[in-house]
Amino acid sequence: MPEFCDVALPVPLDMVFTYRVPSEVTPVVGGRVLVPFRQQRMTGIVVELHDRKPAVTTKSILKVLDGAAVLDEQLLRLGRWIADYYLAPIGEVFRTMLPLGAEFKRAIAYRITDEGRMALHLAGMSGSSLRSRRTPEEQEKEFRVLDYLAAQDSGSSEQVWVHEQTLRSAVHVTSGIMNGMVRKKWIAREDVSNARDATRTIKIAVLKSAEGKLNNNQRAIIETLAASGGRVPVEALQSLEVPRSTLNTLLRRGLVEVFEEPLAPSTSRARPRPSPFEFEFNPAQKAALNRLQEAGNARKFAGILMHGVTGSGKTAVYLAGMRGVLDAGRAAILLVPEIGLTPAVAADLHQIFGDEVAILHSALSDKERAQQWHRIKNGEARIVVGTRSAVFAPVSDLALIIVDEEHDASYKQEETPRYHARDVAVMRAKMANAVVVLGSATPSLESYFNATRSKYALVELLDRVEQRPLPEVEIVDMRLEFQETGREHPISRKLAAEIKDRLDHKEQVMVLLNRRGYSPVVLCRSCGETLQCKNCAIALTHHKREHKMICHYCGYIAPVPKACVHCGSEYVYFLGTGSEKLEELLHGMFPEARIARLDRDTVRGHEDFERTLNALDARQLDIVVGTQMIAKGHDIHGVTLVGVVGADSALGLPDFRAAERTFQLLTQVAGRAGRGESPGKVILQTYFQDHYAVQYAARHDFAGFYEKELRFRSWMHYPPYSALANVLIRSDKLDEATQWSGALGKWFEQNRHEGVRVLGPAAAPILRLKRDYRYHFVLKSPSREKLNATLRAMLADAVAQKIPRTQVIVDVDALWLM
């Protein structure tokens, strides 16, 4: 066994750490180990075993957590590529790839020291309080901590460590007092974190006997168990209207036993749609499927861009391709952009593939994610569906990766490592000699550009299934609406009339307003000031139902003002309309209609989303109001009208992708209409009716929009004609943020960077976010190698200037420049 190993730890440092391998342990490359790091314990991934003795003294591995690799050689290579391409610390990349946090229990323990015993002894001798600068009440708590720890340690030949949770529940002491006692060396603190079993279990009550005298509560439990075959989850029994002590009494009497068993994997409760194999594929679908299968049979890397209009049957092609992969004994991954899409897709997959399906997304608990991950690793599930992190699923013999709605911005992670799941999927497919399919009705300009340059094969589905027509789009100019009515109203006369007509015909309606809350701005009419978040340079949003002012960036909450916080004036005005206000207006206009809202305020988890979509699909709802959550991928046949309210507001943002995002959102939400037997219609309300993004979306003309937008990108050297990176300098002190950005700005000026254009430093469009002041640089280059070399040199200079690595954010292929 080699004497040393290099371990990647989840810390913001661009390096690995060398540890000595004790003779009694056998680490493996790609496996996890528990190691000491500074004053704590951490889990890391072994990346190399060797005998090269480092120049510094090394610590030893504490424990080997895996007998076999949890990241195979292919996933290790992928992680290294991500770290290199996105300039991310390798340890943080591996932490993102492994959803096994539930298997490591963070724990801190304390013991009394000799100095603590002396302080306790002196206080006891004198009958006075501890010698401390704290208040008498705090000194009393310190005494109780020392007394408790001394009592635990008495009579033991070894030092006794007490877990923090046990100590604080026994003594009721704050962390501030504990930290002070550590500084005074009265108590010692140690990280005793360790591995734990992450198997998710459920408690089951089992009926053993029904004999003996029973009261009414006991009889209720016994009868419930008997009626259910003698086995009922304890959680279900707790829903009975009986005291919790009743079950304990039955346990003591031996009439009932309780034991734990592994919990079966959770499955979606979304209503499965009709199987895509129950109808005949049209010629375009057959051609697309043949192309996919030919590429898969070749067992070589192939990239396919599947551009199909909304309702063209792309999902049916995906599922047919995945079934072929499964029949061949191989594995496939399907990525969807939003958690909200996962239930519907998972329901389809469970219907077709049964228990071969695993689900991975962020709404699962840590234990659920770990459970699904192990099912995949063990080969129990060869079909994986999930959001961006599912691209790291540990499947073996990978044959196919499908990225549905590949244009969606949610595939880009906005925290370290800032990877794009679509691009990672392409690279993983290359490493595995697999096929990657990028599907969308509105492909990103970069993907479509690559397809036209033959980097990907272009497969097009230009017609809806069963010859259904694309919805008619009617544009309503809201400037003219205001001139004719003399009032500002979110719902135009035309949209109101169309909604009434659909309700009269028992048809369903979707209304999109991509803005949460009730009113997005609170304005004082006396001094003109707005109510701002105290942590961000952003106006607070009024949420009427919760009676709160909320920041949608950091979550800060303030009371709804009755007077201006700046000047005290009572003339406070709530401006604008959010989805909550729109729902209220529609209830007032159509009191008989059954209306629901879908946004981040009403959807707290995937179960809320499933419930609303199932109700819509079962025609238990007439109107659904929502943000962009309603625009993506939902196949509801009863929806014949889509109203778009204010979706063009993004055109005013200082973002070169604003037109592309607007076109994609308008096209996607329009595609929700007319997916059943009845034709659909879209009412598009806009203040920018002449903008090319609005006009091309109304005509369902992706090619026309692509050509026009591409000309603008080429003139300004934006992607796809150049690689782009956003470098953000942040600090909670304005002076530091300006000083650091100025220092890096001077470095850029003083060093030649051939082929790289540097814009900045400049204040970020949102200057302050989550308490940090922000300045940024935008770097563009036709050569990705030159761009990354410049970024590496800049990071090295930042280290030399002692600028903290965590305060310099490098976002390669940035989608968000705000």
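Placed above this text is the structure.
Every chain is numbered on its own, with residues counted from 1 as its sequence reads. The model is predicted, so local features are restricted to residues of pLDDT at least 70 and side-chain atom pairs to those at 80 or more, both for listing and for counting; the totals for chains, interfaces and linings are taken over all residues. As a rule here, side-chain values come from all non-hydrogen atoms in the structure, and water together with hydrogens is ignored.

> I would appreciate a short explanation of the sheet that holds strand β35 (residues 808-812) in the present structure.
Paired through their backbone hydrogen bonds, the strands of a sheet run either parallel or antiparallel. We call two strands paired when DSSP finds no fewer than two bridges between them. The helix count covers DSSP runs of H or I at least four residues long, the strand count covers runs of E at least two residues long, and both are numbered beginning at the N terminus. Spatially, 4 strands are ordered β33-β34-β32-β35 in an open sheet, and the strand pairing comes out antiparallel. Two strands bound the open sheet, and with one partner strand each, they are β33 (757-769) and β35. With direction set aside, neighbouring strand axes in the sheet form an average angle of 20°. With 9 bridges connecting them, strand β32 (residues 723-731) and strand β34 (residues 772-781) associate as antiparallel partners. Pairing of N726 across the sheet is with V778, part of β34. Each of β32, β34 and β35 touches helix α24 (residues 784-800); the most contacted strand, β35, lies at about 175° to it. Between N-to-C directions, angles cover 0 to 180 degrees, with each direction set by a line fitted to C-alpha atoms, over the stretch in contact for helices. Note on definitions: a residue-residue contact is assigned when non-hydrogen atoms from the two residues lie within 4.5 Å.

> Please clarify how the packing of aromatic side chains should be interpreted in this entry.
Each aromatic ring pair is specified by the distance between its two centres and by the angle formed by the two planes. Aromatic rings from Phe, Tyr and Trp, with only the six-membered ring used for Trp, were paired whenever their centres fell within 6.5 Å, and each pair was classed as stacked if the ring planes differed by under 30 degrees, edge-to-face if by over 60, and tilted otherwise. Taken as a whole, this structure holds 17 aromatic pairs when the rule is applied. The interplanar angle of 65° and the centroid separation of 5.2 Å between the aromatic rings of F392 and Y419 together place this pair among those described as edge-to-face. Within this pair, whereas F392 is found in the loop between β17 (383-386) and β18 (398-404), its partner Y419 is found in the loop between β18 and α14 (421-432), the two being separated by 27 residues in sequence. Given the relative accessible area of 2%, F392 is considered buried. On the basis of relative accessible area, Y419 is assigned to the buried category, the value being 1%. An angle of 45° between the planes, with centres 5.4 Å apart, marks the rings of Y692 and F712 as tilted. Here Y692 is found in helix α21 (residues 692-698), whereas its partner F712 is found in helix α22 (residues 702-716), with 20 residues between them in sequence. Judged by its relative accessible area of 15%, Y692 is buried. Under the relative-accessibility criterion, F712 is labelled partly exposed at 32%. Aromatic ring contacts, followed pair by pair, group Y448, F663, Y692, F702, F705, Y706, F712 and W715 into a single cluster. We call a charge positioned over a ring when the NZ of a Lys or the CZ of an Arg lies within 6 Å of the ring centre and within 35 degrees of the ring normal. If you follow K708 out to its NZ or CZ, it ends over the ring of Y692, 5.7 Å from the centre. A cation over a ring is seen here: K780 above Y718, with NZ or CZ 4.1 Å from the ring centre. The rule is simple: take the accessible area with a 1.4 Å probe, protein chains only, and divide by the maximum for that residue type; under 20% is buried, over 50% is exposed, in between is partly exposed.

> Please clarify how helix α17 (residues 493-504) should be interpreted in this entry.
Since the α-helix advances by 3.6 residues per turn, residues separated by three or four positions end up pointing in the same direction. Its 12 residues give α17 an end-to-end C-alpha distance of 17 Å, which sits within 8% of 16 Å, the value for a rise of 1.5 Å per residue. Restricting attention to buried positions, one finds in α17 the residues L495, A496, E498, I499, R502 and L503. Relative to the axis of α17, the buried residues are bounded by an arc of 165° and lie together on one face. Along its buried surface, α17 packs onto β22 (508-512), α18 (579-589), β29 (623-626), β30 (639-645) and β31 (681-686). To estimate how far a helix should extend, the number of its residues minus one is multiplied by 1.5 Å. In this description, one arc is meant: the one made by directions from the helix axis to the C-beta atoms.

> I'm lost on the environment of R111 in this one. Help?
Mapped onto the fold, R111 is located in strand β7 (residues 108-112). In this structure, the C-alpha to C-alpha distance between R111 and L769, residues 658 residues apart in sequence, is 41 Å. Leaving out residues up to four positions away in the same chain, R111 has contacts with L149, Q159, V160, W161, I187 and A188.

> It is not clear to me how empty space enclosed by the protein should be interpreted in this structure. Could you clarify?
Rolled over the atoms, a probe with the dimensions of a water molecule shows which regions are left empty. In this analysis the probe radius is 1.4 Å and the grid spacing 1 Å, with only protein atoms considered; a cavity is a set of points the probe fits into but cannot get out of, a pocket is an open set with protein on both sides within 12 Å along at least five of seven lines, and lining residues have an atom within 4 Å of a point. Grid points are joined across faces, edges and corners, and a volume is the space filled by probe spheres set on the points. For the coordinates displayed, the defined rule picks out 2 cavities of 30 Å³ or more. Around the largest cavity sit V522, L523, C524, E529, T530, L531, P561, A563, C564, V565, H566 and V572, which together line it. Ranked by residues supplied to the lining of the largest cavity, first place goes to strand β23 (residues 521-524) with 3 residues. Considered class by class, the residues forming the lining of the largest cavity number 9 nonpolar, 2 polar and 1 charged. Roughly 30 Å³ of volume is contained in the second largest cavity. Amino acids outside the nonpolar list (Ala, Val, Leu, Ile, Met, Phe, Trp, Tyr, Cys, Pro) and the charged list (Asp, Glu, Lys, Arg) are all regarded as polar, and Gly is one of them.

> Quick question: what am I supposed to make of the environment of L207 here?
With respect to the helices and strands, the residue L207 is situated in strand β11 (residues 201-207). With relative accessibility at 23%, the residue L207 sits in the partly exposed group. Once the C-alpha coordinates of L207 and V258 are considered, the two residues, 51 residues apart in sequence, prove to be 9.0 Å apart. Non-local contacts of L207, meaning those with residues more than four positions away in its chain, are made with I222, L225, A226, G230 and L255.

> Can you help me understand the pairing of strand β1 (residues 4-8) in this one?
On a regular strand, each side chain points to the face opposite its neighbour's, so the side chains alternate between the two faces of the sheet. Counting buried positions along β1 yields 5 of 5 residues, so the element is predominantly enclosed. Sheet analysis places β1 next to strand β4 (residues 40-50), joined by 5 bridges and oriented antiparallel. Paired with A8 across the bridge in β4 is I45. Judged from the 4 bridges that link them, β1 and strand β2 (residues 17-20) form a sheet pairing that is antiparallel. Looking at the pairing, D6 lines up with T18 of β2.

> Honestly, the packing of helix α23 (residues 734-750) against α24 in this entry has me stumped. Any pointers?
Axes are the key here: two packed helices are described by the angle between their axes and the distance separating the axes. At a closest axis distance of 11 Å, the pairing of α23 and α24 adopts a crossing angle of 130°. It follows that α23 is oblique to α24 by the angle criterion. In the crossing of α23 with α24, the sense of the turn from one axis to the other is right-handed. Across from L744, W747 and F748 in α23, the residues of α24 making contact are T790, A793, M794, D797 and A798. Looking at side-chain class alone, the contact of α23 with α24 contains 6 nonpolar, 1 polar and 1 charged residues. Note on terminology: angles under 35 degrees are roughly parallel, angles over 145 are roughly antiparallel, angles of 65 to 115 are roughly perpendicular, and the others are oblique. Crossing handedness is read from the near helix: turned anticlockwise from the far helix by less than a right angle, it gives a left-handed crossing, and turned clockwise, a right-handed one.

> Which parts of the structure should I look at to understand the pattern of salt bridges?
A pair is scored as a salt bridge if a Lys or Arg side-chain nitrogen falls within 4 Å of a carboxyl oxygen belonging to Asp or Glu. Tallied over the full model, the rule gives 42 salt bridges. Across the pair D599 and R597 runs a salt bridge, and its minimum N-O distance is 2.9 Å. What makes D599 buried here is its relative accessible area of 0%. The structure contains a network of salt bridges with shared partners spanning E474, K494, E498, D501, R502, E507 and K681.

> Can you help me understand the side chain of N788 in this one?
Locating N788 in the fold gives a position in helix α24. A relative accessible area of 10% places N788 in the buried class. Dropping the residues within four chain positions of it, N788 is found in contact with D84, Y85 and L87.

> What's the story with the sheet that holds strand β8 (residues 162-163) in this structure? I'm lost.
Pairing is antiparallel in the open sheet, where 3 strands are placed in the order β8-β7-β9. At either end of the open sheet lies a strand with only one pairing partner, and these are β8 and β9 (187-191). Note that β7 and β9 share 5 bridges and pair antiparallel. Across the sheet, R111 pairs through a bridge with A188, a residue of β9. Across the sheet, helix α6 (residues 175-183) lies against β7 and β9, angled at about 110° from β9, the strand it touches most.

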